[in-house]
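Report on the structure
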Amino acid sequence: MSKICVLGQGYIGLPTALLFANNGCEVVGIDVNKHVVDTLKAGKMPFEETGFQELLDGAISRKTFRAESFVEEADVFLVAVPTPFDSEMRMADLRYVISACEMIVPHLRKDNLVIIESTIPPNTCDKQVKQILEKSGLKMCEDFYVSHCPERAIPGNTLREMVYNDRVIGGVDEKSTQLTADLYVSFVKGNLHLTTSTTAEMIKLMENTFRDVNIALANEFTQIADDYNINVWEAIEIANKHPRVNILKPGPGVGGHCIAIDPWFLTENANNSSLIMMSRQINDSMPQYVLKMVKEMLAGIENPTITVFGVAYKGDIADTRATPAKKFIKLAEKEGFRVKIYDPFVEEWSYPILGLEEAVEGSDCIVVLTDHSEFSSMEPEIFTRKMRRLNIVDTRSIINKKIWKKVGYTIRLIGTSGQK
Ligand code: SAJ
């Protein structure tokens, strides 16, 4: 039975650790956050998603998982710590990956395997990870092995995607790749694609950049559609019927901790990346575009109040990391709008989250920023009497227009110009 130390017990590290622990490995989950370790020691998950608690219960009953604060000797070390974005330098901030590798050094032994799941720029395994781990006195590819096995599971459906998605496994040499593949085959039901560590690093960043560029295109189509007074949602839907076209959805901008950030990791050391940079700029400018629409709608109103529906970065989750809602709200406040917020998933945020009735009280316009499914079936009659004026801007094309119109709302949908 292989013993694995998983460094980082967050949204990726913990479920990965538990999947290994339920599939024949002895796992030690390491985290520098004492609260996370204590919660796990008490048999509870520090955060919840479908299937997580059952997985923890399974590992506890098998006696194959324990949480600790310090790294210890093992056969395999798996690094799944965050890679924040250094917004000043516009590059990957590798401080946690570096510190995790440094924690491994004193415990590194001959024939150990070190796997990096954290998102890292191309060449990181070959250069920085090697340099740090060789401080142990051992040599990479002779005494120990290293690979990159990027996490690619979507928040909200993590467990299913971890098990059923294909996996990319890139070693610094063939032995590293094979050792890593032998390990992941224990729980991955998708195909394993074997390659080099630098290619694997690039693949992960390419996937998220592809999505960012595609969304930027949808957002640009949205603004062009306004000029021609057509409905971009209808146009995209029909264009996507073509067997070789798949345009993503427009919206108020791209949030989350991956898609808006990974393009910068990919291009931080590249010479030619103008398309990728331009896409970032387009997506980052969407909050201004939405605000312009709100301003047009509420022109001439004294002390305008707006209600934001949804501040999570995407639908049906409570995650607000890098949400475009924040920029929209800050810009709206600068323009003199009073902003109230309703989100059925988010409980705490840097702005107060209100109950539905309180959030719409005295409001002149609802601005839907997140595609929570609750918004698609909402019955506005229940709270409409609390509103001061009946306006709604939908940036996700999620509301049931017929129902809102019947109650008397003036509706604006991004990418439809003045069309109702
Ligand atoms: N968005 C749009 N239009 C769309 C799709 C998304 O505006 O058509 C917006 C969302 O509202 C959100 C942002 O893009 O603000 C990102 O959402 P997402 O669902 O595209 O992606 P993430 O960030 O939740 O997860 C991505 C996934 N990557 C890919 O699908 C290629 C996931 O598989 C990765 O594991 C994850 O990044 C990661 O950790 O890298």
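Here, residues in each chain are numbered from 1, in the same order as that chain's written sequence. Given that the model is predicted, a residue must reach a pLDDT of at least 70 before its local features are reported, and side-chain atom pairs must reach 80 or more before they are shown or counted; all residues, however, enter totals for whole chains, interfaces and linings. In computing side-chain values, all of the structure's heavy atoms are included and hydrogens and water are not.

Let's shift gears to the overall build of the protein chain. Helix and strand labels come from DSSP, where a helix needs a run of H or I of at least four residues and a strand needs a run of E of at least two; each type is numbered from the N terminus. The number of helices and strands found in the protein chain is 16 helices and 15 strands. A compact globule built from 420 residues would reach a C-alpha radius of gyration of about 22 Å, and the protein chain, at 24 Å, matches this within 12%. Across its three principal directions, the C-alpha atoms of the protein chain cover 70 × 50 × 40 Å. Scored against the burial criterion, the 420 residues of the protein chain give a buried share of 53%. A separation threshold of at least 6 residues defines the contact pool for the protein chain, and within that pool the share at least 24 residues apart is 73%. The accessible surface values rely on the Shrake-Rupley method and a 1.4 Å probe; as for residues, cover is taken only from the protein chains in view. Of the accessible surface of the protein chain, which amounts to about 19,400 Å², a share of 51% is contributed by carbon and sulfur atoms. Here the protein chain contributes 47 positive and 56 negative side-chain charges, whose respective centroids are spaced 4 Å apart. The globule rule used for comparison is 2.2 Å times the number of residues to the exponent 0.38, while the radius of gyration itself is calculated over C-alpha atoms. With a 1.4 Å probe rolled over the protein chains alone, any residue whose accessible area is under 20% of its type maximum counts as buried; one over 50% counts as exposed, and the rest are partly exposed. It only takes one pair of heavy atoms within 4.5 Å for two residues to be counted as in contact. All tallies of charge rest on Lys and Arg as positive and Asp and Glu as negative; His and the ends of each chain are not included. For this purpose, a charge sits on NZ of Lys, CZ of Arg, CG of Asp or CD of Glu.

In terms of burial, strand β1 (residues 3–7) is a largely internal element, 5 of the 5 residues being buried. Burial of the side chains of β1 extends over both faces: K3, C5 and L7 are buried on one face and I4 and V6 on the other.

Before going further, it helps to spend a moment on the site of the ligand. The near set for a molecule or strand comprises every residue that places at least one heavy atom within 4 Å of it. Taken together, 19 residues lie around the ligand, and E151, K204, R211, K249 and Y313 are the ones closest in. Nitrogen and oxygen atoms within 3.5 Å of one another constitute a polar contact, given that in protein one can donate a hydrogen and the other can accept it, and given that sequence-neighbouring residues count only through two side-chain atoms. A distance of 2.5 Å separates an oxygen atom of the ligand from a polar side-chain atom of K204. Backbone polar atom of G255 to an oxygen atom of the ligand: 2.9 Å apart, as the coordinates give it. In the complex, the protein chains occlude 90% of the 770 Å² of accessible area that the ligand would expose alone. With a 1 Å grid laid over protein atoms only, a set of points is called a cavity when a 1.4 Å probe fits there but cannot get out and a pocket when it is open yet has protein on both sides within 12 Å along at least five of seven lines; lining residues have an atom within 4 Å of a point. Think of it this way: a molecule belongs to a cavity or pocket when more than half its atoms come within 2 Å of the grid points there. Applying the majority rule of atoms within 2 Å of the grid points places the ligand in the second largest pocket. Looking at the shell around the ligand residue by residue, the class counts come to 9 nonpolar, 2 polar and 8 charged. Residue ranges for the domains trace back to a domain assignment, done automatically or taken from a database. Both domains that furnish three or more residues to the shell around the ligand are identified here as domain 1 (3–196) and domain 2 (286–413). Charged residues are taken to be Asp, Glu, Lys and Arg, nonpolar residues to be Ala, Val, Leu, Ile, Met, Phe, Trp, Tyr, Cys and Pro, and polar residues to be all remaining types, Gly included.

Disulfides are defined as pairs of cysteine sulfur atoms found within 2.5 Å of each other. Counted according to the given criterion, the structure contains 0 disulfides. Lacking any disulfide linkage, C25 is separated from the closest cysteine sulfur, that of C5, by 12 Å.

Before going further, it helps to spend a moment on the packing of helix α1 (residues 13–21) against helix α3 (residues 52–62). Angle between the axes and distance between the axes are the two parameters that describe a pair of packed helices. Orientation is described by lines fitted to C-alpha atoms, with helices fitted over the stretch in contact, and by angles between N-to-C directions that extend from 0 to 180 degrees. Where α1 contacts α3, the axes come no closer than 9 Å and their chain directions differ by 45°. By the angle class used here, α1 and α3 are oblique. The interaxial crossing formed by α1 with α3 has left-handed handedness. On the side of α1, the interface is formed by P15, L18, L19 and A21, while α3 contributes F52, L55, L56, A59 and R62. In terms of residue class, the contact of α1 with α3 is built from 8 nonpolar, no polar and 1 charged. Small angles under 35 degrees read as roughly parallel and large ones over 145 as roughly antiparallel, with 65 to 115 read as roughly perpendicular and the rest as oblique. Should the near helix be turned counterclockwise from the far one by less than a right angle, the crossing is left-handed, whereas a clockwise turn marks it as right-handed.

Per the domain assignment, the segments of the protein chain are domain 1 (3–196) and domain 2 (286–413). Taking the mean C-alpha position of each, domain 1 and domain 2 sit 39 Å from one another. A combined buried area of about 250 Å² lies between domain 1 and domain 2, and 56% of that area is made up of carbon and sulfur atoms. Linking domain 1 with domain 2 are 0 residue pairs in polar contact (both at pLDDT 80 or more). Looking at side-chain class alone, the side of domain 1 that touches domain 2 contains 3 nonpolar, 1 polar and no charged residues. Buried area adds together the accessible area that both of two parts lose upon being put together, with accessible area traced by a 1.4 Å probe.

Moving on, we come to unusual backbone geometry. Residue N229 is not a glycine yet carries a positive backbone phi of 60°. Tracing the backbone through its elements, the reader meets N229 in the loop between α8 (197–228) and α9 (232–239). For S397, which is not a glycine, the phi torsion comes out positive at approximately 50°. On the basis of relative accessibility, which here comes to 28%, the residue S397 falls in the partly exposed class.

Structurally, R95 can be placed in helix α4 (residues 95–104). The spacing of R95 and T64 is 31 residues in sequence and 30 Å in space, taken between C-alpha atoms. Within the structure, the side chain of R95 is placed 2.6 Å from the side chain of D93, a separation counted as a polar contact.

On to the pattern of salt bridges. Salt-bridge detection follows one rule: a side-chain nitrogen of Lys or Arg within 4 Å of a carboxyl oxygen of Asp or Glu. Taken as a whole and judged by the stated rule, the model has 24 salt bridges. The shortest N-O distance in the salt bridge between K41 and E68 comes to 3.4 Å. With K41 in helix α2 (residues 34–41) and E68 in strand β3 (residues 65–68), the pair connects residues that are 27 residues apart, well separated along the chain. The exposure class assigned to E68 is partly exposed, which follows from its relative accessible area of 22%. Members of the salt-bridge network, linked through shared partners, are K3, K41, R66, E68 and E72.

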